[in-house]
Amino acid sequence: MSGTAATLAALVAALALAAGAAVLLTARSWRTALRVLLDLLVAAGLLRLVAGPGWTALATEAAIIALRQLLWLGLGPAGSTPPTTGPPPWVSRSRPHLGENAANRM
């Protein structure tokens, strides 16, 4: 099991880099890409702990989790969500052609 878990940990770490890059290129949000990267690196670290529970693996995982927590404290409030790409509040779904003055006309 430890050999399989070590292989999975390496695979997840590699996929974390690829997923972070893909999110950065598609969403164009470095915060979202960093969040995806660090979450997947936490998963890879947990798999590494399953493969061979040792002090170095535990210290590495603790450092990744601490870095993740510190970044989110510095970058924004806990639980904050990325901005939505929905329409502005003045856009009427039933009459989208009226523009900003749609709310005043109704």
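### Comments concerning the overall build of the chain
A tally of regular secondary structure across the chain gives 4 helices and 0 strands. In the chain, the order of α-helices and β-strands from amino to carboxyl end is α-α-α-α. Within the span of the chain, comprising 106 residues, buried residues form 21% of the whole. For the chain, the share of sequence-separated contacts (at least 6 apart) that also reach a separation of at least 24 residues comes to 52%. When the accessible surface of the chain is summed, it comes to about 7,500 Å², and 68% of that surface belongs to carbon and sulfur atoms.

### Overview of helix α1 (residues 2–27)
Over its 26 residues, α1 extends 36 Å from the first C-alpha to the last, a length consistent with the 38 Å expected when each residue adds 1.5 Å. For α1, the complete set of buried residues consists of A5, A9, V12, A13, A16, G20 and V23. Those residues of α1 hidden inside the fold are in contact with α2 (30–51). Just past α1, the residue R28 takes up positive phi, approximately 55 degrees.

### What about the packing of α1 against α2?
Between α1 and α2, the shortest axis-to-axis distance is 8 Å and the interhelical angle comes to 180 degrees. One way to sum up the angle between α1 and α2 is to call them roughly antiparallel. When the residues that make up the contact of α1 with α2 are grouped by side-chain class, the tally is 23 nonpolar, 3 polar and 1 charged.

### Let's talk about α2
The terminal C-alpha atoms of α2 lie 31 Å apart, and with 22 residues this matches the ideal 32 Å at 1.5 Å per residue to within 8%. Looking only at α2, the buried set comprises A33, L38, V42, A44, G45 and A51.

### Here's the deal with unusual backbone geometry
Even without being glycine, R28 reaches a positive phi, approximately 55 degrees. Positionally, R28 belongs in the loop between α1 and α2. A residue is classified by how much of its surface remains accessible, and R28, at 70% relative accessible area, is exposed.

### Observations concerning the side chain of E61
Summarising the element assignment, E61 is placed in helix α3 (residues 55–75). One buried charged residue, E61, forms no salt bridge at all, with the nearest opposite charge on R48 at 5.0 Å. Aside from chain neighbours lying at most four places away, what touches E61 is L41, V42, G45, L46 and L49.

Conventions used here
- Sequence order sets the numbering: in each chain, residues are counted from 1 along the sequence as written.
- In view of the model being predicted, local features appear only for residues whose pLDDT reaches at least 70, and side-chain atom pairs are presented and counted only at 80 or more, with totals across whole chains, interfaces and linings using the full set of residues.
- By convention in this description, side-chain values take in all heavy atoms of the structure and omit both hydrogens and water.
- Note on conventions: DSSP H or I runs of at least 4 residues are helices, E runs of at least 2 residues are strands, and numbering of each starts at the N terminus.
- Note on exposure labels: buried denotes an accessible area under 20% of the residue type's maximum, exposed denotes more than 50%, and partly exposed covers the range between, all computed with a 1.4 Å probe on protein chains only.
- The contact definition used throughout considers only heavy atoms, calling two residues in contact when any of these lie within 4.5 Å.
- The accessible surface values rely on the Shrake-Rupley method and a 1.4 Å probe; as for residues, cover is taken only from the protein chains in view.
- Helix span is expected to be 1.5 Å times the residue number reduced by one.
- Every axis in this analysis is a line fitted to C-alpha atoms, fitted for helices over the stretch in contact. Angles between the N-to-C directions lie between 0 and 180 degrees.
- Working rule for angles: under 35 degrees goes down as roughly parallel, over 145 as roughly antiparallel, 65 to 115 as roughly perpendicular, anything else as oblique.
- When residues are sorted by character, Ala, Val, Leu, Ile, Met, Phe, Trp, Tyr, Cys and Pro go into the nonpolar class, Asp, Glu, Lys and Arg into the charged class, and all the rest, Gly among them, into the polar class.
- In this tally Asp and Glu are treated as negative and Lys and Arg as positive; neither His nor the chain ends contributes.
- Whenever a carboxyl oxygen of Asp or Glu lies within 4 Å of a side-chain nitrogen of Lys or Arg, that contact is scored as a salt bridge.

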